[in-house]
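Descriptive analysis of the structure
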Amino acid sequence: MLCLVTGATGYIGGRLVPRLLAEGNRVRCLVRTPEKLADVPWRDEVEVVRGDLLDEGDVLSACEGVDALYYLVHSLNVDDFARLDRRAALITAQAAREAGVGRIVYLGGVHPSTGRLSEHLGSRAEVGEILLRSGVPTVVLQAAVIIGSGSASFEMLRYLTERLPVMVTPRWVRNRVQPIAVRDVLHYLVGVLSLPISVNRTFDIGGPEVLTYAEMMHGYAVVAGLPRRRMLPVRVLTPWLSSHWINIVTPVPKNIGAPLIESLVHDAVCSEHDIDEFVPLPDGGKTGYQRALRLALRKIAQAEVETRWSDASVVPADPLPSDPEWSGGSTYVDDRSHDTSLPPERVWEVVRGIGGENGWYSFPLAWSARGWIDRMAGGVGLRRGRRHPHELRTGEALDWWRVETLDEGRLLRLRAEIKLPGRAWLEFAVTSEGAFGTRIYQRAVFIPRGLAGQLYWWAVTPFHGLVFEGMVRNIVRRAEQLASADSAGERAP
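Below: a short report on this structure. Just so it is clear, the model here is predicted, and its values are computed rather than measured.

**Comments concerning the overall build of the protein**
Secondary structure summary: the protein contains 13 helices and 19 strands in total. The C-alpha atoms of the protein give 24 Å as radius of gyration, which agrees with the globular expectation for 493 residues (23 Å, within 12%). With the C-alpha coordinates of the protein rotated into their principal frame, the extents come out at 70 × 55 × 55 Å. Within the protein, buried positions represent 55% of all 493 residues. For the protein, the proportion of contacts with a sequence separation of at least 24, taken over those separated by at least 6, is 75%. Total accessible area computed for the protein in this model is approximately 21700 Å², and 53% of it derives from carbon and sulfur atoms.

Below is the structure:
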């Protein structure tokens, strides 16, 4: 079958594509920025189409000849996300109908059938209804908390439990949840391709256990080998206050944490298990909660995390301007360089490993303070870290940056996703300088927005000598240290 996957650069979509290929299907990916798929292992096995779900022509063209369309996108990272998701779903439904798509598959959220839903759950339910009314046979899979390495729900659970041996807990931690392992979600997403065209409905999917969120945290502590967590229930922590607490304690920013918490205000339990009549159970049965945790932690320990919640961009991508007049005003640039007798690949090894646990090679207190300021303002801060300690992919998150361009061995360009009165990039280029050795070029670019942007640049300029000059110098120093350790046979394998 030819499967069109929207959201292929996201957490679920990036894991679904290789599984569809493994089942012998052909895959077409509709993405706004094809460059974000340049470095994924399966890039050469799929057709990548540039397009926007809010553009009717793009979507209709992408749907031509498609047997099944996977709708795996939502717009939590932007204001007025419900309106945007409604419009994108309507455009997709019409395009699928006109192109004669055989089936639509959508992943939504488990929600109660009565009562007021949160804006997030309400929007997900609305999108499902739009697709079900499209005239194209549609399957809407509804899941609660997804447990898997890199998922936002798992990261929130993990950091809350690991960092807080004693915690003040709101009422929603006593609500019932039916978590599901990400491997089981993927099993059902692939399995529904075989459903007869007469099936046009929702299916709840969940794991074998129903737990409270408090029991989920206690279960994580057991699997992770932590002492039992102490919980002090209070009634004053509203979901809004809880989202601020999540923003401070976990890597998940408030704009993502808040909808997750709002979804937990209701019981998130499957109301039916009809999917079992149509799709066989996964090999070995459904994955239990503690096994799902062990699998996720093993993936993290072995640096085998396929995708992460942060793979979706927080801000729209903009190309790095090469013309100072591109912005219609000022473009501020800080250029640095440093020479070394090491070969280029030695320096590139350090550049490619920058960020995360390796840090930024200059003034750690300043980086930490800026990250905390951003977190307090509801931004992403520094704690998104890295997906892999040594590897990078175009489009993935790296602390508060996004990898915008990656030319292996030569160029790394990062785009800032912290809250700024303007737009910012940080670029590293490693070149061979003839017989001398290697030169690393480092460039910081800032395009201010209004007077606030101008004032911001001049306020931080005095620190550039400490931060940027120290960074390029320490990158070279680290490369020299690693080279010396290799020569002496002292470097860990």
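**Description of the pattern of salt bridges**
For the coordinates displayed, the defined rule picks out 24 salt bridges. For the salt bridge of Arg158 with Glu155, the shortest nitrogen-to-oxygen distance reads 3.3 Å. One end of the pair, Arg158, and the other, Glu155, are both in helix H5 (residues 152-163), three residues apart, so they sit about a helical turn from each other. With a relative accessible area of 16%, Arg158 lands in the buried category. Residue Glu155 is classed as buried on the basis of its relative accessible area, which comes to 9%.

**Notes on the sheet that holds strand S6 (residues 138-143)**
In spatial order, the strands read S3-S2-S1-S4-S5-S6-S11; together these seven strands make up an open sheet with parallel pairing. Each edge of the open sheet is held by one strand with a lone partner, namely strand S3 (47-50) and strand S11 (201-204). This sheet shows a mean twist of 20° between the axes of neighbouring strands, independent of strand direction. Pairing of strand S4 (residues 68-71) with strand S5 (residues 103-109) involves four bridges; the strand directions are parallel. Note on S5: the bridge partner recorded for Tyr71 is Tyr106.

**Considerations on helix H1 (residues 13-22)**
Most of H1 is tucked away, with seven of its ten residues classed as buried. Every buried residue belonging to H1 is among Gly13, Gly14, Arg15, Leu16, Val17, Leu20 and Leu21, and all of these are buried. Where H1 is buried, its residues touch strand S1 (2-6), strand S2 (26-31), S4 and helix H6 (182-191). Looking one or two residues past H1, Gly24 carries a phi angle of roughly 90°, positive in sign.

**Here we look at the environment of Asp52**
Locating Asp52 in the fold gives a position in the loop between S3 and helix H2 (56-63). In the structure, Asp52 is positioned 46 residues away from Thr6 in sequence and 9.7 Å away in space, judged by C-alpha atoms. The residues contacting Asp52, other than those within four sequence positions of it, are Arg32, Asp58 and Val59.

**With respect to the packing of aromatic side chains**
Given two aromatic rings, one states the distance between the centres and the angle between the planes to describe the pair. On inspection of all chains with the given rule, the structure shows eleven aromatic pairs. Ring geometry for Tyr71 versus Tyr106: centroids 5.8 Å apart, planes at 55°, classification tilted. Here Tyr71, found in strand S4, pairs with Tyr106, found in strand S5; they are 35 residues apart in sequence, far enough to count as distant. For the pair Tyr71 and Tyr106, a shared accessibility class is recorded, and that class is buried. Here the aromatic rings of Phe203 and Phe278 are separated by 5.5 Å at their centres, their planes lie at 65°, and the arrangement is edge-to-face. Placement of the pair is Phe203 in strand S11 and Phe278 in the loop between helix H9 (254-264) and helix H10 (289-301), with a sequence separation of 75 residues. Looking at Phe278, the relative accessible area reads 32%, which means it is partly exposed. Pairwise contacts between aromatic rings join Tyr332, Phe446, Tyr456, Trp457 and Trp458 into one cluster.

**Quick word on the sheet that holds strand S17 (residues 411-416)**
The strand order across the open sheet formed by six strands is S14-S19-S18-S17-S16-S15, and the pairing between neighbours is antiparallel. Only two strands of the sheet have a single partner each, and these edge strands are strand S14 (332-340) and strand S15 (397-398). With nine bridges joining them, S14 and strand S19 (residues 438-448) adopt antiparallel strand pairing. Within S19, the position partnered with Asp335 by the bridge is Arg443. Across the face of the sheet, helix H13 (residues 450-488) comes into contact with S14, strand S18 (422-432) and S19 while running at roughly 10° to S14.

**Points about a nonpolar patch on the surface**
A cluster of nonpolar residues, Phe363, Leu365, Phe463 and Leu466, forms a patch on the protein surface that exposes about 420 Å² of accessible area. Counting through the fold element by element, Leu466 comes out in helix H13. Residue Leu466 is classed as exposed on the basis of its relative accessible area of 52%.

**Overview of the packing of H2 against helix H3 (residues 81-99)**
Viewed as axis vectors pointing N to C, H2 and H3 meet at an angle of 40°, and their least axial separation amounts to 9 Å. Considering their axes alone, H2 and H3 lie oblique with respect to each other. Crossing angle aside, the handedness with which H2 passes H3 is right-handed. Of H3, the residues touching H2 (which contributes Glu56, Val59, Leu60 and Cys63) are Ile91, Thr92, Ala95, Ala96, Glu98 and Ala99.

**Quick notes on the nonpolar core**
Grouped together as the largest cluster of nonpolar side chains are 41 residues, with contacts concentrated most on Ile12, Tyr70 and Leu141. Those elements giving two or more residues to this core turn out to be S1, H1, S2, S4, S5, S6 and H6. With six residues, the top contributor of residues to this core is H6. In this structure Tyr70 touches Cys3, Leu4, Val5, Thr6, Leu16, Leu20, Val105, Leu189, Val190 and Leu193, once residues within four positions along its chain are discounted.

**Section: the pairing of S18**
The buried fraction of S18 amounts to eight of the eleven residues, a majority that puts the element mostly inside the structure. Pairing between S17 and S18: five bridges, direction antiparallel. When the sheet's bridge partners are listed, Arg415 is paired in S18 with Trp425. Hairpin remark: S17 followed by S18, antiparallel, with five residues in the connecting loop. Relative to S19, S18 runs antiparallel, the two being bridged by eleven bridges. Bridge pairing in S19 places Ala424 opposite Phe446.

About the cut-offs
- Chains are numbered independently. Their residues run from 1 in the order of the written sequence.
- Restriction of local features to residues with pLDDT of at least 70 applies here, the model being predicted, together with a cutoff of 80 or more for giving and counting side-chain atom pairs; totals for whole chains, interfaces and linings are based on all residues.
- For side-chain calculations, the full set of non-hydrogen atoms in the structure is used, while hydrogens and water are omitted.
- We count a stretch as a helix when DSSP gives it H or I for four or more residues in a row; a strand needs E for two or more, and each element gets its number in order from the N terminus.
- As a reference, a globule follows 2.2 Å times the number of residues to the power 0.38, and the radius of gyration itself is taken over C-alpha atoms.
- When a residue's accessible area, from a 1.4 Å probe over protein chains only, is under 20% of the maximum for its type it is buried; when over 50% it is exposed; and in between it is partly exposed.
- In what follows, a contact means two residues having at least one pair of non-hydrogen atoms within 4.5 Å.
- For every accessible area listed, the method is Shrake-Rupley and the probe measures 1.4 Å; residues are considered covered only by the protein chains on display.
- When a carboxyl oxygen of Asp or Glu lies within 4 Å of a side-chain nitrogen of Lys or Arg, that pair is called a salt bridge.
- The pairing criterion is simple: DSSP has to find at least two bridges between the two strands.
- Only the contacting stretch of a helix is used when fitting its axis, a line to C-alpha atoms as for every element, and angles between N-to-C directions run 0 to 180 degrees.
- Aromatic rings from Phe, Tyr and Trp, taking only the six-membered ring of Trp, are treated as a pair when their centres fall within 6.5 Å; an angle between ring planes under 30 degrees marks them as stacked, one over 60 as edge-to-face, and anything in between as tilted.
- Patch membership requires more than 30% relative accessible area and the absence of a salt bridge. Residues of like charge join within 9 Å; the nonpolar side chains Val, Leu, Ile, Met, Phe, Trp and Tyr join within 5 Å.
- Angles below 35 degrees are treated as roughly parallel, those above 145 as roughly antiparallel, those between 65 and 115 as roughly perpendicular, and all remaining angles as oblique.
- It is the rotation of the near helix from the far one that decides the hand of a crossing: anticlockwise by less than a right angle makes it left-handed, clockwise makes it right-handed.
- Only buried residues count toward a nonpolar core. Its members are Ala, Val, Leu, Ile, Met, Phe, Trp, Tyr and Cys residues joined through side-chain atoms within 4.5 Å.

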